Amino acid sequence: MSLREHVLSLFRSAVGTVRPAPMLKRAVKLQGDGCPQLIVKGRAFPVKRNLYLVGFGKAVLGMAAAAEEILGDHLIRGIVSVPLGIQESLQRAGMQEMLLKPHSRIQVIEGARNNLPDPEALRGAGAIQELAQGLTADDLLLVLISGGGSALLPAPIPPILLEEKEKLTKMLASRGAAIQELNIVRKTLSLLKGGGLARLAYPAQVVSLILSDVIGDPLDIIASGPTAASSHSVQDCLQVLAKYNLLQSLPESVETVLSSSPTKRAAPEDYSHVCNVIIGSNALALDEAKRQAEGLGYVALILSAAVCGDIGHVAALYCHLIRLLCLGFAGLGEGPLGNEVRGNLLQLAAELDIPGLNLAEFLQALRGLGPEKPVCILAGGETTVRLRGTGKGGRNQELALRVGLGLHRAQGAEASSPLGRCEIIFLSGGTDGQDGPTGAAGAFCSPELVDEAFQEGLDAEAFLNNNDSYTFFSHFQRGRHLLVTGLTGTNVMDIQAVLIRPKDRS
Ligand SMILES: Nc1ncnc2c1ncn2[C@@H]1O[C@H](COP(=O)(O)OP(=O)(O)OP(=O)(O)O)[C@@H](O)[C@H]1O
Ligand SMILES: O=C(O)[C@H](O)CO
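Residues numbered from 1 in each chain as written. Chains lettered and ligands numbered in written order. Predicted model: local features only at pLDDT ≥ 70, side-chain atom pairs only at ≥ 80, totals over all residues. Heavy atoms only, no water.

- In the annotation of an unreviewed UniProt entry, the chain is listed under the name Glycerate kinase and assigned to Anas zonorhyncha.
- Per its UniProt entry, the chain bears the Catalytic activity (unreviewed entry) comment "(R)-glycerate + ATP = (2R)-3-phosphoglycerate + ADP + H(+)".
- In the Sequence similarities (unreviewed entry) part of its UniProt record, the chain is described as follows: "Belongs to the glycerate kinase type-2 family." (UniProt positions renumbered as here; feature names shortened; annotations may be inferred.)

**Examining the overall build of the chain**
Reasoning step 1: In terms of helices and strands, the chain carries 19 helices and 15 strands.
Reasoning step 2: Relative to its length of 506 residues, the chain is compact, with a C-alpha radius of gyration of 24 Å against a globular reference of 23 Å.
Reasoning step 3: For the chain, the C-alpha atoms occupy an extent of roughly 75 × 60 × 40 Å along the three principal directions.
Reasoning step 4: For the chain, the residues scored as buried account for 57% of the 506 residues in total.
Reasoning step 5: Pairs at least 24 apart in sequence give 81% of the contacts found in the chain among residues at least 6 apart.
Reasoning step 6: When the 46 positive and 50 negative side-chain charges of the chain are each reduced to one mean point, those points stand 2 Å apart. (Helix = DSSP H or I, 4+ residues; strand = E, 2+ residues; numbered from the N terminus. Rg over C-alpha atoms; globule rule 2.2 N^0.38 Å. Buried < 20%, exposed > 50% of the residue type's maximum accessible area, 1.4 Å probe, protein only. Contact = heavy atoms within 4.5 Å. Lys, Arg positive; Asp, Glu negative; His and termini not counted. Charge placed at Lys NZ, Arg CZ, Asp CG, Glu CD.)

**Regarding the pairing of strand S13 (residues 442–445)**
Reasoning step 1: Residues Gly442 and Phe444 point to one face of S13 and Ala443 and Cys445 to the other, with burial holding for every one of them.
Reasoning step 2: The sheet contact formed by strand S12 (residues 422–430) and S13 spans four bridges and is antiparallel. Bridged to Ser428 within S13 is Ala443.
Reasoning step 3: Bridge count for S13 against strand S14 (residues 482–483) is two bridges, and the pairing is antiparallel. (Pairing = 2+ DSSP bridges.)

**Here we look at the site of ligand 1**
Reasoning step 1: Not every one of the 19 residues close to ligand 1 is listed here, only the nearest: Lys58, Asn115, Gly393, Arg395 and Asn467.
Reasoning step 2: Contact between ligand 1 and Gly148: an oxygen atom at 3.4 Å from a main-chain N or O atom of the residue.
Reasoning step 3: Between ligand 1 and Gln434, the relevant distance is 3.2 Å, taken from an oxygen atom to a main-chain nitrogen or oxygen of the residue.
Reasoning step 4: Against a free-state accessible area of 640 Å², the protein chains account for coverage of 83% of ligand 1.
Reasoning step 5: Counting contributing residues per domain, the shell around ligand 1 is built from domain 1 (19–155 + 192–229 + 267–280) and domain 2 (283–505), each supplying no fewer than three. (Near = heavy atom within 4 Å. Polar contact = N/O pair within 3.5 Å; in protein donor to acceptor, adjacent residues only side chain to side chain. Areas by Shrake-Rupley, 256 points an atom, 1.4 Å probe, with all protein chains shown as cover. Domains from an automatic or database assignment.)

**Details of the domain arrangement of the chain**
Where the parts come together, the accessible area they lose is often given as the size of the interface.
Reasoning step 1: By domain assignment, the chain separates into domain 1 (19–155 + 192–229 + 267–280) and domain 2 (283–505).
Reasoning step 2: Placing a centre on the C-alpha atoms of domain 1 and another on those of domain 2 gives a separation of 35 Å.
Reasoning step 3: Taken together, the 19 residues of domain 1 in the interface contact 18 residues of domain 2.
Reasoning step 4: Summed over both partners, the interface of domain 1 with domain 2 comes to about 1,300 Å²; 62% of that surface belongs to carbon and sulfur atoms.
Reasoning step 5: Broken down residue by residue, the surface that domain 1 buries against domain 2 is led by Lys58, Asp213 and Ile215, which jointly contribute 42%.
Reasoning step 6: Run the count over domain 1 and domain 2 and you get one salt bridge.
Reasoning step 7: Between Lys58 and Asp432 there is a salt bridge, and its shortest N-O distance comes to 2.7 Å.
Reasoning step 8: At the junction of domain 1 and domain 2, the tally comes to two residue pairs in polar contact (both at pLDDT 80 or more).
Reasoning step 9: Elements that contribute at least two residues to the side of domain 1 that touches domain 2 include exactly helix H2 (20–27) and helix H4 (86–92).
Reasoning step 10: Take the side of domain 1 that touches domain 2: its biggest share by element is three residues, from H4.
Reasoning step 11: A class-by-class count of the residues in the side of domain 1 that touches domain 2 yields nine nonpolar, six polar and four charged. (Buried area = accessible area lost by both parts, 1.4 Å probe. Salt bridge = Lys/Arg side-chain N within 4 Å of Asp/Glu carboxyl O. Nonpolar A, V, L, I, M, F, W, Y, C, P; charged D, E, K, R; others polar.)

**Topic: the pattern of salt bridges**
Reasoning step 1: The full count for this structure, using the stated rule, is 18 salt bridges.
Reasoning step 2: Residues Arg395 and Asp494 are paired through a salt bridge, measuring 2.9 Å at the closest nitrogen-oxygen approach. Of this pair, Arg395 sits in helix H16 (residues 395–413) while Asp494 sits in strand S15 (residues 494–502), placing them 99 residues apart in sequence.
Reasoning step 3: Since its relative accessible area comes to 27%, Arg395 is described here as partly exposed.
Reasoning step 4: Taken together, the salt bridges that share partners define one network made up of Arg49, Asp73 and Arg105.

**Focus on the packing of aromatic side chains**
Reasoning step 1: Enumeration over the complete set of coordinates arrives at four aromatic pairs.
Reasoning step 2: Plain terms: the ring middles of Phe463 and Phe472 are 5.5 Å apart, the flat faces sit at 65 degrees to each other, and that makes the pair edge-to-face.
Reasoning step 3: On the basis of relative accessible area, Phe463 is assigned to the buried category, the value being 17%.
Reasoning step 4: Note on Phe472: relative accessible area 0%, which makes it buried.
Reasoning step 5: Three or more aromatic residues link up through ring pairs in this structure, and these residues are Phe463, Phe472, Phe473 and Phe476. (Phe/Tyr/Trp six-rings, centres within 6.5 Å; stacked < 30°, edge-to-face > 60°.)

**So, the site of ligand 2**
Reasoning step 1: Around ligand 2, a shell composed of Gly147, Gly148, Gly149, Ser150, Ile179, Asn183, Arg186, Asp213, Val214, Ile222 and Ala223 is seen.
Reasoning step 2: At 2.8 Å from an oxygen atom of ligand 2 is found a main-chain nitrogen or oxygen belonging to Gly148.
Reasoning step 3: Residue Arg186 places a side-chain N or O atom 3.5 Å away from an oxygen atom belonging to ligand 2.
Reasoning step 4: Taken by itself ligand 2 offers 230 Å² of open surface, and the protein chains cover 92% of this.
Reasoning step 5: Mapped by element, the contributors of at least two residues to the shell around ligand 2 are helix H6 (149–152) and helix H8 (179–188).
Reasoning step 6: When residues of the shell around ligand 2 are assigned to their parent elements, the largest contribution, three residues, is made by H8.
Reasoning step 7: Taken together, the residues that form the shell around ligand 2 break down as four nonpolar, five polar and two charged.

**Observations concerning the nonpolar core**
Reasoning step 1: Counting 65 residues, the largest nonpolar core has Leu24, Leu53 and Leu209 as its most contacted members.
Reasoning step 2: Element by element, the count of residues in this core is highest for helix H3 (residues 60–71), at nine residues.
Reasoning step 3: Lining this core are residues from two domains, each supplying at least three of them: domain 1 (19–155 + 192–229 + 267–280) and domain 2 (283–505).
Reasoning step 4: In this structure, Leu363, Val375, Ile377 and Ala410 belong to the second largest nonpolar core, which totals 62 residues. (Core = buried A, V, L, I, M, F, W, Y, C linked by side-chain atoms within 4.5 Å.)

**Observations concerning the sheet that holds strand S3 (residues 43–46)**
Reasoning step 1: One open sheet accounts for three strands, arranged S1-S2-S3; its pairing is antiparallel. Two strands bound the open sheet, and with one partner strand each, they are strand S1 (28–31) and S3. In this sheet, adjacent strand axes meet at a mean angle of 25 degrees when their direction is disregarded.
Reasoning step 2: Bridge count between S1 and strand S2 (residues 37–40): four bridges; the pairing is antiparallel. (Axes fitted to C-alpha atoms, helices over the stretch in contact; angles between N-to-C directions.)

What follows is the structure, given as structure tokens:
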């Protein structure tokens, strides 16, 4: 099998393990015939045909299908807000198990084209709000939450208009705001985010099953935390707006809402009727890819499930890491060049400050790896892109293009570079199957990419300067280096994999 086939199969198995149905079935069970109970991660909730369900996010359709199967007749009614086209896409992909059965008690509303709030998503949020408001103390509301939930549950506080909120979030995103920052703003301007949904559902019991797509799995940031107590205040929101130079250009409606919100963090509200449970994450997906890679004969190591920060720095980190591995294969890892690359790598990691990453320890594990076995490095997380151009692309495709360019430059700069003596593939892909507003999930690269593209008349650097990675990869070898999966029905951020083996052994 080629490296390309290997890396593809790793990506697919990583995504497979965080597919909604298996994950939900691991987390939730219905037990007991006489006095049935819903068991959620060790906690028991009595049920008696009193269950309601709402959900929002890229992965909740499959979660809802699995939940309906588990809950049976105890489920009275449900509403889920899911991405536009997901039912058709799953149908086409033959993923019937992620679709609701005919005559399902759960209503599906599709919206949020290109992951942006729209009138359909607003309609979904309105229906969810109405359902939650009507519940009583005898009811239990099951809330299914996954990434993409923020765009699928827009409920701007009046008089803010949907278009105003959409424009503001778009501006923040394009100026490089991190998801934490983006969602601090979204929470402050929303009726349902920041714990709003849980407050509306009171006095019903609320059980939220959450598929995390945010680094560190923070409950109050994932999908803007509709069932979690918010740890942020309007001051935090103002700070974010000031940081991105948006305070002077706020619409009047946003100013009105901000000035009428309490400036101090309110006394902690009572969320004792809420049980929030994380049921799946990036780390779980990486563990499965590692298992698979070992089965394929690789020495597999997980760098981190929290890779974040500026995309240029992250690309440089991968380039240094790949160079160091190749130097190691050539027996030069401990020489002057090896030491220089290791030093650069440590410096870069310190600047990026990736939560929980102990790079020195990781490099120690790499030391002494001989050329006998191919190596697989796995990582996950979410980088930040500061858009400067007008092209079409996504984080993963841009990362792959940057790594390709970085490896090309390193190869050019070193006489008889050890990069040339190894077979190398780098893959970056979004586990949801959609990288930015494009039809691809991500892309592959190798050190040869830039030269091969040049022969086709494509200047990789020029595309990169215009944030036009999708156009580049679509043209280059007729899209052969694009990772195209279609929507996967799940979402645990992005995954990167590097596979390396010496050329003479391949
Ligand atoms: N032309 C482009 N080149 C590179 N990155 C882009 C481009 N256009 C948008 N992006 C990036 O794509 C990201 C949005 O993509 P996507 O819709 O996959 O978001 P997401 O973070 O996965 O969404 P969610 O977290 O809601 O699932 C943003 O980070 C944005 O900066
Ligand atoms: O929906 C959102 O807010 C993001 O996907 C993070 O969870």
